[in-house]
Amino acid sequence: MILAHDHVHSLDCEHKLVAHDDHHDYLHDGHLHHVTASGVDNHVLAVDADHPDGCTPEHFCNEHAGDHVHGDNCGHAVIPHGDHVGYLVDGHLHRAHGDHCDYHGRVTV
Ligand SMILES: [Zn+2]
Ligand SMILES: [Zn+2]
Ligand SMILES: [Zn+2]
Ligand SMILES: [Zn+2]
Ligand SMILES: [Zn+2]
Ligand SMILES: [Zn+2]
Ligand SMILES: [Zn+2]
């Protein structure tokens, strides 16, 4: 899907560059934008061996306070992952799940 997109992404822009498979996408307002010659594509991180979407109540997050609850404006970048949204915490992909975070693999920024 090619998006209508006013902003021109570049290495100097304020958006984080995220490694995705064999390319890089820009993290833009909770979306992964892939810049191609014909426009900007919307990408979603697939659920795969590197990014499983299971429940990991045993994952101990020392990246943020144990009682931190991810959500709108929690301060962490949002990344679309499968059918849900993940939160980027120091290169870890977290999903808010009840009273804990699920750990959904690593994301290289
Ligand atoms: Zn940008
Ligand atoms: Zn964009
Ligand atoms: Zn991509
Ligand atoms: Zn869970
Ligand atoms: Zn958060
Ligand atoms: Zn996830
Ligand atoms: Zn978390």
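Refer to the structure printed above.
Scoring rules and cut-offs
- Residue numbers run consecutively from 1 along every chain, following the written order of its sequence.
- The lettering of chains begins at A and the numbering of ligands begins at 1, in the order of writing.
- The model is predicted, so local features are restricted to residues of pLDDT at least 70 and side-chain atom pairs to those at 80 or more, both for listing and for counting; the totals for chains, interfaces and linings are taken over all residues.
- With hydrogens and water stripped out, all remaining heavy atoms of the structure feed into the side-chain values.
- Strands are runs of DSSP state E lasting at least two residues, helices are runs of H or I lasting at least four, and both sets are numbered from the N terminus onward.
- A contact between two residues is defined here by any heavy atoms of the two lying within 4.5 Å.
- The donor set covers N, O and S atoms within 2.8 Å of the metal, switching to 3.2 Å for Na, K and Ca, and it leaves out water, so a site may look short of donors.
- Just to be clear on the cut-offs, tetrahedral is four donors with all angles between 85 and 135 degrees, square planar is four donors and octahedral six with opposite donors over 155 degrees apart and all others between 65 and 115, and anything else goes down as irregular.
- Each residue is assigned to one of three classes by its accessible area relative to the maximum for its type, calculated with a 1.4 Å probe on protein chains only: buried under 20%, partly exposed between the two thresholds, exposed over 50%.

Trainee: What's the story with the side chain of His-92 in this structure? I'm lost.
Mentor: For His-92, the position within the fold is in strand 8 (residues 92-97). Apart from the residues lying within four places of it in its own chain, the contact partners of His-92 are His-59, Glu-63, Tyr-87, Tyr-103, Gly-105 and Arg-106.

Trainee: Could you clarify how one ought to interpret the coordination of the zinc ion (ligand 3) in this entry?
Mentor: Octahedral six-donor coordination of a metal ideally yields angles of 90 or 180 degrees, compared with 109.5 degrees for tetrahedral four-donor coordination. At 1.9 to 2.7 Å from the zinc ion (ligand 3) lie its protein donor atoms, namely His-20 (ND1), His-23 (NE2), Asp-25 (OD), Asp-25 (OD) and His-43 (ND1). Read in sequence order, the donor residues coordinating the zinc ion (ligand 3) give the pattern H-x2-H-x1-D-x17-H. Taken together, the positions of Asp-25 in strand 3 (residues 23-28) and His-43 in strand 5 (residues 39-43) put the pair 18 residues apart, joining distant regions of the chain.

Trainee: Just checking my understanding: could you explain the coordination of the zinc ion (ligand 1) for this structure?
Mentor: On the protein side, the zinc ion (ligand 1) has His-7 (NE2), His-9 (ND1), Cys-13 (SG) and His-15 (ND1) as donor atoms, found 2.0 to 2.4 Å from it. In this structure, the zinc ion (ligand 1) is coordinated by 4 donor atoms arranged in tetrahedral fashion, with angles at the metal of 107 to 113°. In primary sequence terms, the donor set of the zinc ion (ligand 1) follows H-x1-H-x3-C-x1-H. Separating the zinc ion (ligand 1) from the zinc ion (ligand 2) is a gap of 5.5 Å, bridged by His-9, which donates to each. In this pair, the class of Cys-13 matches that of His-15, namely buried.

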